[in-house]
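The chain contents come next:
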Amino acid sequence: PGPSRPAPTPPSAPACGGGGSVDDCYYTANISSAISPPHHLPPQLILAGLSAAVRRLAARLIDESDETGDLRADLEEVATALGADIANVEAVLGVCQGFDPTGVMARSIPECLGLQLKERGRYDPAMEAMVKNLQLVAKHDLKGLADICGVDKEDLLDMMTELRQLSPKPGSSFAGDASVAVTPDVY
């Protein structure tokens, strides 16, 4: 028995996307049951089977997401910084938005809710109109919403019930205290 060694420091999220090994990403992703989206997403990126260039773009987008999973980057700035075409960055974002939980890496609440509704097969024109007019939902303006969505009051109430079942911050389930319990070598 030699001297006690400190616990290894987990690699940062950029190492997972930009050249870190699969083991590094696995270690980072499993360090705590309360991990944040920037640490939850790289293992999904590895499993997506993307080319190295696409992984590099996706890793940058993941790095630009906050603790609740919202994307806070300007896509044109990311494209310029990486020397990529904006269309490619948008396509890669579409791939990343397919990661778990649904709605992660959205740039706005309407986009987040739209992603969740699309997954459920419920993003029809009426629901799209509702999502684009969330301020009317907040005001509980049923008449205005019914007119914009082109539905009757009963259908509108059903749509509002379905909307309430969605999470505007799906990545927040991963946010929280990410403290790691340390087991001492010697008691």
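Read on for an overview of the structure. (Residues numbered from 1 in each chain as written. Predicted model: local features only at pLDDT ≥ 70, side-chain atom pairs only at ≥ 80, totals over all residues. Heavy atoms only, no water.)

1. Brief notes about the overall build of the chain
Each helix and strand in the chain was counted, giving 11 helices and zero strands. Sequence-ordered secondary structure for the chain, helices as α and strands as β, is α-α-α-α-α-α-α-α-α-α-α. Among the 187 residues that make up the chain, the fraction classed as buried is 39%. Accessible surface, the chain: about 10600 Å² in total, of which carbon and sulfur atoms supply 54%. (Helix = DSSP H or I, 4+ residues; strand = E, 2+ residues; numbered from the N terminus. Buried < 20%, exposed > 50% of the residue type's maximum accessible area, 1.4 Å probe, protein only. Areas by Shrake-Rupley, 256 points an atom, 1.4 Å probe, with all protein chains shown as cover.)

2. Structural notes on the nonpolar core
The tendency in soluble globular proteins is for nonpolar side chains to be buried as a group. Counting residues in each nonpolar core, the largest one holds 21 residues, and the members touching the most others are Leu45, Leu61, Leu71, Val89, Phe99 and Met105. When residues of this core are traced back to their parent elements, those giving at least two are helix 3 (37-47), helix 4 (52-63), helix 5 (75-82) and helix 6 (86-96). Looking at this core element by element, the count peaks at five residues for helix 4. Not counting residues up to four positions away in its chain, the partners in contact with Leu61 are Leu71, Leu75, Val78, Val89, Val92, Leu93 and Met105. In this structure, Leu113, Leu117, Leu145 and Leu156 belong to the second largest nonpolar core, which totals 19 residues. (Core = buried A, V, L, I, M, F, W, Y, C linked by side-chain atoms within 4.5 Å. Contact = heavy atoms within 4.5 Å.)

3. Section: the environment of Ser65
Locating Ser65 in the fold gives a position in the loop between helix 4 and helix 5. Each C-alpha atom of the pair Ser65 and Leu41 lies 10.0 Å from the other, and the pair is 24 residues apart in sequence. Reaching out from Ser65, the side chain makes a polar contact with the backbone oxygen of Ile62 at a distance of 2.6 Å. (Polar contact = N/O pair within 3.5 Å; in protein donor to acceptor, adjacent residues only side chain to side chain.)

As far as function goes, none of this settles anything; it's purely spatial.
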